[in-house]
Amino acid sequence: MAAFVRGMFWHILVAGRSNILKKSNDCIVDSKRYVRALKRRPVKVLYPDSETTSPTSKQRSDQIVNKQSQKVNAILKNETNKRVSSTSWSARNGNASTTSEHTTNLKDQLGGLKFERALPGDKRLARVVSVACSRTFREHQGKILLEGRRLICDALAAGANPQMVFFSSVDRLCDLPLDKLKRATLVKVKFEDIKIWSDLVAPQGVIAIFSRPDPSRLTFPQDQRGQSVPLSLICDNVRDPGNLGTILRCAVAAGCHNVLLTKGCVDAWEPKVLRAAMGAHFRLPIFPSLDWDDIQNQLPKLVTVHVADNCSGSEREVAEEANQSNKPSKMGEYGWVSSRPNCKDMRYKEYESDFDSELSLPRVETKLYHEGWAQGNTGLVIGGETHGLSLEAVQLAEKTAGQRLFIPVVLGVDSLNSAMAASILLFEGRRQLLNLMESSGRKAKSKVQFP
């Protein structure tokens, strides 16, 4: 019953509205068309020509239309401003690239330099980073990897030859001396890619590949070289990258003339060594992978070579008793000399015990580190913590009338870290050499003033 009443009420309402619309100056108006006009947008209603609307409704409709037009104009104005600003920014920065992002070898201009943008899937960075992982690859290909602005700037200032530079932003590239990168290939990559292949916890966003530098062709800072002393550092079997890098950094700070590395040392161009050295490779000559014959050729003719004694107190007492007695000393009695023969032939290993018992150790006197031992051209040998000094190092010390330098420690302490011992001895040797040069200069002046 309720449904029937609702249907009848709707029918009467529609019939009455149609009769009202048909009465206007005998003009027939289509009710369906009028209803459709109400559903259209904008909200302004279309009436018949003879029908007039109230001024209030017309004003409201005009206001709504004006507001909508103002919003549309504001949106269009903002879009045009954005386009103008983007085009002006690109014109100021010299960005003339108009190709799509999927175009390979996209090149832009930056201060006269061209750089490429690596596309997704570009494996050049992954291939080049293999330089940092393999010593054999570095030696055969003659390449090294440097990461960070400071290290790259030091290499460029020393005259190293850059081959390829990867950077994450133009600002990172602008931090480098652009005039020295004209022959290098510049590639812009995503920072996420650099973060994947970098060994640093917080990458700086720039990685460079250089040709393996020749120490004799590099240009070192003249202000630092002018403060150097006649002290040469020899690293013997230093195999820890952190220790070697710290030793090189101390050698630069102490003003050493050069650094010589034996073949048993870790690669000087390993990334961990480079980071620990803090640019020492480009501040003084470092000659890696040398035989002992080559080391003697790198040293001056009149030189005294000393070795660092890293044995404990008990081992030192045994060594002193052996020196006081007339019996020949054996290598196994000293903790600071390696008892392994320096030979790569495997057949000698089975005779290692006979080699240890038959070969006597050269006699080298022991002296405290603060006593006078640097009296001219001086060489200092630092051994590794695992195998210690080699027999050739002790023989060279005996040949040049050198000594074993001992740093006393409290009881219960085995020995010092090789990098720590090297820093103590290097700065003590610098102090003694500076005092010697100062006293010799005073004597020369006194001879001139008082003939």
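The structure we're discussing is the one just above.
Read on for an overview of the structure. Because the structure is predicted, anything quoted here is derived from the model rather than measured. (Residues numbered from 1 in each chain as written. Predicted model: local features only at pLDDT ≥ 70, side-chain atom pairs only at ≥ 80, totals over all residues. Heavy atoms only, no water.)

Some points on the nonpolar core
By size, the foremost hydrophobic cluster in this structure holds 35 residues, and its most contacted members are L233, C235, V259 and L426. Mapped by element, the contributors of at least two residues to this core are β7 (231-236), α10 (241-254), β8 (258-262), α11 (271-277), β12 (378-383) and α16 (418-449). Among residues more than four places away in sequence, those in contact with V259 are L233, C235, L248, A251, L284, P285, I286 and F287. In terms of nonpolar packing, the next biggest core, distinct from the first, is built from 26 residues, L151, V206, F210 and W269 among them. (Core = buried A, V, L, I, M, F, W, Y, C linked by side-chain atoms within 4.5 Å. Buried < 20%, exposed > 50% of the residue type's maximum accessible area, 1.4 Å probe, protein only. Helix = DSSP H or I, 4+ residues; strand = E, 2+ residues; numbered from the N terminus. Contact = heavy atoms within 4.5 Å.)

Focus: the pattern of salt bridges
Going through the model one piece at a time under the given rule, you end up with ten salt bridges. One salt bridge in this structure joins R217 and D214, with 3.8 Å as the shortest N-O distance. Ionic pairing is found between E428 and R431, a salt bridge with its closest N-O pair at 2.5 Å. In this pair, E428 and R431 both sit in helix α16, three residues apart, roughly one turn of the helix. In this structure, a network of salt bridges that share partners links the residues E116, D122 and R124. (Salt bridge = Lys/Arg side-chain N within 4 Å of Asp/Glu carboxyl O.)

Focus on the sheet that holds β7
The sheet built from seven strands is open, its strands ordered β9-β8-β7-β12-β10-β13-β11 with parallel pairing. With one partner strand each, in any of the chains shown, β9 (286-290) and β11 (366-368) form the two edges of the open sheet. Each adjacent strand pair in this sheet contributes to an overall mean axis angle of 25 degrees, direction not counted. As judged from the four bridges shared by β7 and β8, these two strands associate in the parallel manner. (Pairing = 2+ DSSP bridges. Axes fitted to C-alpha atoms, helices over the stretch in contact; angles between N-to-C directions.)

Coordinates in, geometry out; function isn't part of it.
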